[in-house]
Amino acid sequence: MPDGLTFAALLVGAAVLDRLVYPRPEAGLYLSRRSMAGLWLLAWMMTALFGLFLTCCGNFPLSAGLALALLALLVLVSNAKHAMLGEPLLFSDLALIGAIFRHPQFYLSAISVGQRTAAGAVAILLLAMLAWLFVPAWQMHLAGMLILAGSLAILATTVRGALRQGLADTPDAYADVRRHGLLPTLLLYWLRWRHSNDPPPCAEAERHPPSAPHPPPELLVVIQCESFADPVELFEGFNISLPGLANARESALQWGELNVSGFGAYTMRTEYGVLFGRSEDVLGFRRYDPFLTALGEASYALPARLKEAGWRSLFVHPHDMRFYSRDRIMPAGGFAELIGEEHFAPVAAGAGRYVTDAAIAGQIVRLAREAIGPGLIYAVTIENHGPWAPDIRTGGDLVQSYLRLARNSDAMLSTLREQLALLKRPAVLVFFGDHRPSIPGATSPDGGRHTPYVMIRFNEAGDIVRGDNRRVDLTPAELHHAMLDLVLGEPLASVNPGAANGLAETAPATGVRARVAAARGQTSGAG
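First, a word on what this report is: a plain description of the structure on this page.

**Examining the overall build of the protein chain**
Counting its secondary structure elements, the protein chain contains 18 helices and 9 strands. Counting over 527 residues, the protein chain shows a buried share of 51%. Sequence separation of at least 24 residues holds for 76% of the intrachain contacts in the protein chain that already meet a minimum separation of 6. For the protein chain, the computed accessible surface area is about 22,800 Å², with 61% contributed by carbon and sulfur atoms.

**Section: the packing of helix 2 (residues 36-57) against helix 6 (residues 138-164)**
Direction vectors running N to C along helix 2 and helix 6 enclose 155 degrees, while the axes themselves pass 7 Å from each other. As the angle between them shows, helix 2 and helix 6 are arranged roughly antiparallel. Between helix 2 and helix 6 the crossing geometry is left-handed. Split into classes, the residues belonging to the contact of helix 2 with helix 6 amount to 19 nonpolar, 7 polar and no charged.

**Here's the deal with helix 11 (residues 267-276)**
Residues that lie three or four places apart on an α-helix share one face, since the helix turns once every 3.6 residues. Most of helix 11 is tucked away: 10 of the 10 residues are buried. Thr267, Met268, Arg269, Thr270, Glu271, Tyr272, Gly273, Val274, Leu275 and Phe276 are the residues of helix 11 that are buried. In the segment just after helix 11, Gly277 is the residue with positive phi, at about 70 degrees.

**Describing the side chain of Asn384**
Among the secondary structure elements, Asn384 is positioned in the loop between strand 5 (375-380) and helix 16 (398-422). Note on Asn384: relative accessible area 1%, which makes it buried. Once you skip the residues sitting within four places of it in the chain, Asn384 turns out to touch Glu226, Ser227, Tyr402, Leu405 and Ala406.

**Let's talk about unusual backbone geometry**
Between Tyr22 and the following residue, Pro23, the backbone shows a cis peptide bond with an omega angle of 0 degrees. For Pro23, the position within the fold is in the loop between helix 1 (3-19) and helix 2. With a phi close to 60 degrees, Tyr324 is a non-glycine residue in the positive phi region. For Tyr324, the location among the structural elements is in the loop between strand 3 (312-316) and helix 14 (326-332). Residue classification places Tyr324 among the buried positions, given a relative accessible area of 15%. A positive phi angle is found at Lys424, which is not glycine, with a value near 55 degrees.

**Points about the packing of helix 11 against helix 17 (residues 476-488)**
Put simply, helix 11 and helix 17 touch, their axes get as near as 6 Å, and they point 30 degrees apart. Considering their axes alone, helix 11 and helix 17 lie roughly parallel with respect to each other. Where helix 11 crosses over helix 17, the two elements pack in a sense that is right-handed. Contact residues: helix 11 offers Thr270, Gly273, Val274, Leu275 and Phe276, while helix 17 offers Pro476, Ala477, Leu479, His480 and Met483. Considering only residue class, the contact of helix 11 with helix 17 consists of 7 nonpolar, 3 polar and no charged.

Parameters at a glance
- Residues numbered from 1 in each chain as written.
- Predicted model: local features only at pLDDT ≥ 70, side-chain atom pairs only at ≥ 80, totals over all residues.
- Heavy atoms only, no water.
- Helix = DSSP H or I, 4+ residues; strand = E, 2+ residues; numbered from the N terminus.
- Buried < 20%, exposed > 50% of the residue type's maximum accessible area, 1.4 Å probe, protein only.
- Contact = heavy atoms within 4.5 Å.
- Areas by Shrake-Rupley, 256 points an atom, 1.4 Å probe, with all protein chains shown as cover.
- Axes fitted to C-alpha atoms, helices over the stretch in contact; angles between N-to-C directions.
- Parallel < 35°, antiparallel > 145°, perpendicular 65-115°, else oblique.
- Left-handed = near helix turned anticlockwise from the far one by under 90°.
- Nonpolar A, V, L, I, M, F, W, Y, C, P; charged D, E, K, R; others polar.

Structural data, given as structure tokens:
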């Protein structure tokens, strides 16, 4: 095939593959219903890939095939992710490539055995073709270099103009992939993310003293529970209640739905919101993986803010702390000590893949008993992390496998509620799920995404202070401010430490107080 026809086939093939990406573009008579800007960017991105491969192998048809194969791989991964998590592939996902090799069990479950086998076979075939069809003639390699350089120059000029004109200036990955296509959205979102700036340091507001008649809490225990959700809301036909959650809601000072943005994954989004208190609207393009930029926002972290009031904070997670760079982010955010996997006994045979919730509960109780002075214990569980293997005890039903582990999390909640009461010191227990589970054939990202949360308060006698037992639905960032208000008192006035980001420090808390007022039957402007 003449080189001109080969190159034309490359561009047509790229448009065909791009049309297969979910969410699909609107139906029409044309090959693609993508925007003209998206098609232009796709053409030059594929040309740049073609030039890169031509530089490496010197074979014109093979370079076109390799560029299409790479696009096909990205389409495959994006569609698998969309089916499982309800989102297309994002630029921030590429930052997790190293983690895929360190912890493959977290990611490969999104791709079926057949898809993995096909991908492996294609990779082997491509390597064999690359070795067999390599052309040593320097002219073709030089031509590849020139094509690559020219394509990148055109892309750079195009993208600068597109960014200035406001193309994809608001984070909405679902809509932008449908409008512009996968590769252009990956490029535009990455550049928008790169151009985002760290906020100014957090300026703490002067606060009212915590409300009487009870003394302010001097112990705050926060449990971020892996894949924890109410089974009654997850599964139709399963009338299964969790007694620990039911009792906690009954005795909670405050409880409700935690409106998390992710489904089946993205623990770090919920974790960031609760720990740093910055909403996704304020984060902009940083919202997709806020841990990538969290080091520049450390002053907003809950431990850093409590440290100013003399609190000491501990972070508990029985896993590799290098995951999501927690080993660097948590100390920068004010945690005095990290309690990682080395502090837990190896998982017993038959007890599952991960450290159990019962073991985490025991560690938390020990730390709480040893705590001197006001302290925060923030724990991230892992026992109920997917994928859920078929359990022969339940006939191989994945739902039953999930429920068995959810009951363990529920038992942990009951244990902590009982044990913290025995400490007989002013304390608050906050318990929430990080996201709903993604179980093929049983749960779907198209439904609700919220998880439960409860906030239980204990007085100096170990009695539970039920108060109004109000239901208030919150975002993770609003939960952060609700905890701050309870522990340190509500702000006297708004402070604006991030005017450039449109963020007033008390804005999320004000929203929380308005919701609390509504829950009490007061007007939204009360309090």
